[in-house]
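# Structural overview
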Amino acid sequence: MCGIFGYVGPRTDGATIVLAGLKQLEYRGYDSWGVAVASPDKIVVKKKTGKIGEANVKDMPHSSFAFGHTRWATHGGVSEVNAHPHLDCTGTIAIIHNGILENYEVLKQKLLTKNHRFVSQTDTEVAVHLIEEYAKRMLFSKAVQQAFNDMEGLNAFIAMNRNNNQFVAVRSGSPLVVGFGNGENFLASDAAALLPYTRQVHFLEDDEMALVSAAGVMMFNARTGVRIKPQKQTLTWSVAEVEKGSYPFFMLKEIHEQPGVMADIAADNAEHAVKLAGIIRQSHGAYMVGCGTAAYACLAGSYLFSKIARRHVNWAIGSEFGYQLDFLTDKSLILALSQSGETMDLLDSVRKSKEKKAKIAALVNVLGSSLWRIADYTLVIGAGPEKGVASTKAFIGKLAHLTLLAYALDGRIREGQKVVTMAVKSAKTVLGEPTVSHIQKLAKKIKKARHVYVIGRGLSYPAALEIALKIKEISYIHAEGLAAGELKHGPLALVEKGTPCIALLPDDETYGANLAGAMEMKARGGYIIGISHKPHEVFDYYVPIADAREATIIPMVIAGQLLAYYLTIARGFDPDKPRNLAKSVTVK
Ligand code: M6R
């Protein structure tokens, strides 16, 4: 959840480089930020709470050795003093940290008896004093290694030592990437932030430790001390992909990129889909797992596999799967879905599944991410960098892949490509000016609603859940996605005069029963918004969607994403950075 960026090299504007890197990581979510630079006599730190957008570091000294952090509070409230970097008692060692130091209280008590002075309420500050303590009697890198081995929990951190212009970075759990430049080197929590400087990177594995200076990078196993050779990879994303361009927000840019993402998936992934379908066929029990939006993609996948390939592929929420996997064997297959590949709840279940010897296939957007590395088979979503906290193009990418996969399972991959291409065409119409303005008008009409209900059946049920999630996550209107059949088992009691009720009505076997749900809500005074291939008299507002067979939920969800986006704008909020949320949920 926290953002980390470090620079060491010949440039003297280290603080500015670090601040620019942190701004690239803003989308991960944060409540405060800080930058530290090494000056000849001390480490100078600047910390602030709130947004980094307008911040500058012009008041900081020139330095070619600097790092910084955007914090999403866990231990200790949101304040300047709790923001990172944290300093040791001498002011020559600084640390930035992502994760939770679980045994910090025990360690702190020991350090207090040795007269260490603490100024914050964070677990992170304990780590810097622990390093200071060890560094009194050993090399700095050894001191960091020793401290890391004393720590419990999942922790990635970088320690800066002013005396030798060398970072020591180490990880367990949270992501860290080393970027290799020419006579300069970088560290970041997200490879996309390195793109302006280098494409050559090494993703740190758990327990790997990197000693990073301008002269080079040395790597070790932090548990054993054994030297490791960096595995350099080349990033393929472009700088333009991580910029907003002419769009006011990343979310809107990412929504509009979706037809292109799907077209690429349809064109380039037939072979991969056929291969993964073969792996699914060979398994005895396949299970899709994901969190949040990715979980809804899993649910949609279970309908697609059933409908298209007559195959039962189960699904589960990442944070729950760990409690129900006792039945896994070495023949089981886990299909783990994730944009970031760093979601802790998902990684935890995947690791538990691996302990049961199940095979792991990952459908993941970030190359080199933790999930990508622990999987036995990988399929890259190919949505490009997604920076809006609300997941849009990664979700649509997952649906496009799952559609292809279901068709591949049934031996009809060309048909699958055709269906995804139909979704591309339909999505382009939704994103055309007439429909966008129509949805904008709807957003203005319902922006004061306290509750919104979204109903669907069959494939449009996961679409209803996803649209409701988008609305609540960024516009802060309470929204619930429902299986239309469940309405009269309880939720109908909540529908009052004027309550906006969105009914998803694709041209499939669910149409009639779903329409009955819309009518039930209308009879209780609901304001019915029909998203469908044809208008109906029960609709108070109609959003047209061209049919794309099983992939019709794709343009439907895109209409829902646009509604969520424009509701957020109409209510005066920032769709890219919803309150209380982070892009990548790397803690449990
Ligand atoms: O990176 P992941 O796909 O694993 O993320 C999973 C969820 O945290 C994510 O989809 C979340 O629900 C989004 N904010 C929803 O828009």
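Residues numbered from 1 in each chain as written. Predicted model: local features only at pLDDT ≥ 70, side-chain atom pairs only at ≥ 80, totals over all residues. Heavy atoms only, no water.

## Looking at the overall build of the chain
Rule in force here: Segments assigned H or I by DSSP are reported as helices when at least four residues long, segments assigned E as strands when at least two residues long, and all are numbered from the N terminus. Atoms counted for the radius of gyration: C-alpha only. Globule rule: 2.2 Å times residue count to the power 0.38. For the exposure calls, accessible area comes from a 1.4 Å probe over protein chains only, and a residue counts as buried if that area is under 20% of its type's maximum, exposed if over 50%, partly exposed in between. Any two residues having at least one pair of non-hydrogen atoms within 4.5 Å are treated as being in contact.
Tallying secondary structure elements over the chain gives 17 helices and 25 strands in all. Scaling as 2.2 N^0.38, a compact globule of 588 residues should have a C-alpha radius of gyration of about 25 Å, and the chain matches this with 25 Å. Its C-alpha atoms give the chain principal-axis dimensions of roughly 80 × 50 × 45 Å. Counting only residues that meet the buried cut, the chain has 61% of its 588 residues in that class. Long-range pairs, those at least 24 residues apart, make up 70% of the contacts in the chain with a sequence separation of at least 6.

## A few points about helix α8 (residues 293–309)
How we decide: Expected span of a helix: the number of residues minus one, times 1.5 Å.
Look at α8: 23 Å from first C-alpha to last across 17 residues, which is about the 24 Å you get at 1.5 Å a residue. In terms of burial, α8 is largely enclosed, as 14 of its 17 residues are buried. In the stretch just after α8, Arg 310 is the one whose phi turns positive, near 50 degrees.

## Quick word on the packing of α8 against helix α15 (residues 460–475)
For clarity, the threshold we go by: Here, axes are lines fitted to C-alpha atoms. For helices the fit covers the stretch in contact, and angles between N-to-C directions go from 0 to 180 degrees. What sets the label is the angle itself: under 35 degrees gives roughly parallel, over 145 gives roughly antiparallel, 65 to 115 gives roughly perpendicular, and the rest give oblique. When the near helix sits turned anticlockwise from the far one by under a right angle, the crossing is termed left-handed; a clockwise turn instead gives a right-handed crossing.
Look at α8 against α15: their axes get within 8 Å of each other, and the N-to-C directions meet at 170 degrees. Looking at the two axes, α8 sits roughly antiparallel to α15. Where α8 crosses over α15, the handedness of that crossing is left-handed. Contacts between α8 and α15 involve Thr 293, Tyr 296, Leu 299, Ala 300 and Tyr 303 from the former and Tyr 461, Pro 462, Leu 465, Glu 466, Leu 469 and Lys 470 from the latter.

## Details of the domain arrangement of the chain
Keep this limit in mind: Domain extents, as shown, originate in an automatic or database domain assignment. The term buried area refers to how much accessible surface (probe radius 1.4 Å) is lost by two components on association, counted for both of them together. The salt bridge definition used is simple: a Lys or Arg side-chain nitrogen within 4 Å of an Asp or Glu carboxyl oxygen. Pairing of N or O atoms within 3.5 Å defines a polar contact, subject to two protein rules: one partner must be a possible hydrogen donor and the other a possible acceptor, and residues neighboring in sequence count only if both atoms are side-chain atoms. Polar here means any residue other than Ala, Val, Leu, Ile, Met, Phe, Trp, Tyr, Cys and Pro, which are nonpolar, and Asp, Glu, Lys and Arg, which are charged; Gly is therefore polar.
The domain architecture assigned to the chain consists of domain 1 (3–241), domain 2 (245–429) and domain 3 (432–574). Taken over C-alpha atoms, the centre of domain 1 sits 33 Å from the centre of domain 2. Domain 1 puts 14 residues into the contact, and the matching count from domain 2 is 16 residues. Carbon and sulfur atoms supply 55% of the area buried between domain 1 and domain 2, which totals about 1400 Å² over both sides. In terms of surface lost to domain 2, no three residues of domain 1 exceed Tyr 27, Trp 237 and Glu 241, which account for 40% of the buried area on that side. Taken together, domain 1 and domain 2 are joined by two salt bridges. Between Arg 373 and Glu 205 there is a salt bridge; the shortest N-O distance is 2.6 Å. On inspection of domain 1 and its partner domain 2, the count reaches three residue pairs in polar contact (both at pLDDT 80 or more). Tallied by class, the residues present in the side of domain 1 that touches domain 2 amount to seven nonpolar, three polar and four charged.

## What to know about the side chain of His 401
Residue placement: His 401 occurs in helix α12 (residues 393–409). Taking relative accessible area as the criterion, His 401 reaches 3% and is therefore assigned buried. Apart from residues no more than four positions distant in its own chain, His 401 is found in contact with Ile 265, Asn 269, Leu 363, Leu 379, Val 380 and Ile 381.

## Considerations on the packing of aromatic side chains
Stated precisely, the cut-off is as follows: Only rings of Phe, Tyr and Trp enter the pairing, Trp through its six-membered ring, and a pair is recorded when the two centres are within 6.5 Å. The plane angle decides the type: under 30 degrees is stacked, over 60 is edge-to-face, the rest tilted. Two conditions define a charge sitting above a ring: the NZ of Lys or the CZ of Arg must be within 6 Å of the ring centre, and it must be within 35 degrees of the ring normal.
Scanning all chains against the criterion turns up 13 aromatic pairs. For the ring pair Phe 67 and Phe 167, a centre distance of 5.6 Å and an interplane angle of 15 degrees mean the geometry is stacked. Note that Phe 67 is positioned in strand β4 (residues 65–71) and Phe 167 in strand β8 (residues 166–171), a separation of 100 residues in sequence. Here the aromatic cluster, defined as three or more aromatic residues joined through ring pairs, consists of Phe 5, Tyr 7, Phe 186 and Tyr 197. Sitting over the face of the ring of Tyr 323, Lys 352 holds its NZ or CZ atom 5.9 Å from the ring centroid. The ring of Tyr 476 has Arg 579 sitting right over it, with the charged end atom 3.7 Å from the ring centre.

## Examining unusual backbone geometry
The peptide bond linking His 84 to Pro 85 adopts the cis configuration, its omega dihedral lying at 0 degrees. Secondary-structure assignment places Pro 85 in the loop between β4 and β5 (86–87). The backbone of Arg 310 shows a phi angle near 50 degrees, a positive value even though the residue is not glycine. By relative accessible area, which is 63% here, Arg 310 ends up exposed. A positive phi is found at Arg 549, a non-glycine position, where the angle reads about 50 degrees. Mapped onto the elements, Arg 549 comes out in the loop between β25 (541–544) and α17 (553–570).

## Re the sheet that holds strand β7 (residues 155–161)
Spelled out, the test is: When DSSP finds at least two bridges between two strands, those strands are taken to pair.
With respect to topology, seven strands assemble into an open sheet ordered β5-β6-β7-β8-β12-β13-β14, the strand pairing being antiparallel. The strands lining the two open edges of the sheet, one partner per strand, are β5 and β14 (227–228). In this sheet, β14 lies alongside strand β13 (residues 216–221) in antiparallel orientation, the contact comprising two bridges. Looking at β14, one finds that Phe 220 is bridged to Arg 227. Set on the sheet, helix α3 (residues 124–135) makes contact with β5, β6 (93–99) and β7; between it and β6 the angle comes to about 135 degrees.

## Topic: the environment of Gly 322
With respect to the element layout, Gly 322 can be found in the loop between α9 (318–321) and β18 (333–338). Here the alpha-carbon distance between Gly 322 and Glu 433, two residues 111 residues apart in the chain, equals 45 Å. In this view, Gly 322 contacts Ser 349 and Lys 352; residues no more than four positions away in its chain are not counted.

## Here we look at the packing of helix α7 (residues 270–282) against helix α13 (residues 413–430)
Orientation of α7 relative to α13, taken along the N-to-C sense of each, is 125 degrees, at an axis distance of 10 Å. Here α7 lies oblique to α13, going by the angle between them. Where α7 crosses over α13, the handedness of that crossing is right-handed. Here Ala 270, Ala 273 and Val 274 of α7 come into contact with α13, specifically with Ile 413, Arg 414 and Gln 417. Broken down by class, the residue content of the contact of α7 with α13 amounts to four nonpolar, one polar and one charged.

## Brief notes about the site of the ligand
Selection rule: A cutoff of 4 Å decides nearness: a residue is near a molecule or strand if any of its heavy atoms lies inside that distance of it. Each accessible area is a Shrake-Rupley result for a 1.4 Å probe, and residues are judged covered by the shown protein chains and nothing else.
What surrounds the ligand is a group of 15 residues, the closest being Ser 338, Gln 339, Ser 340, Thr 343 and Glu 473. At 2.6 Å, a side-chain N or O of Ser 340 approaches an oxygen atom of the ligand. Thr 343 has a polar side-chain atom sitting 2.5 Å from an oxygen atom of the ligand. Out of a free accessible area of 410 Å², the ligand has 91% covered by protein chains. Only α8 and α15 provide two or more residues apiece to the shell around the ligand. Per-element accounting of the shell around the ligand gives the leading share, three residues, to α15. Taken domain by domain, the shell around the ligand gets at least three of its residues from each of domain 2 (245–429) and domain 3 (432–574).

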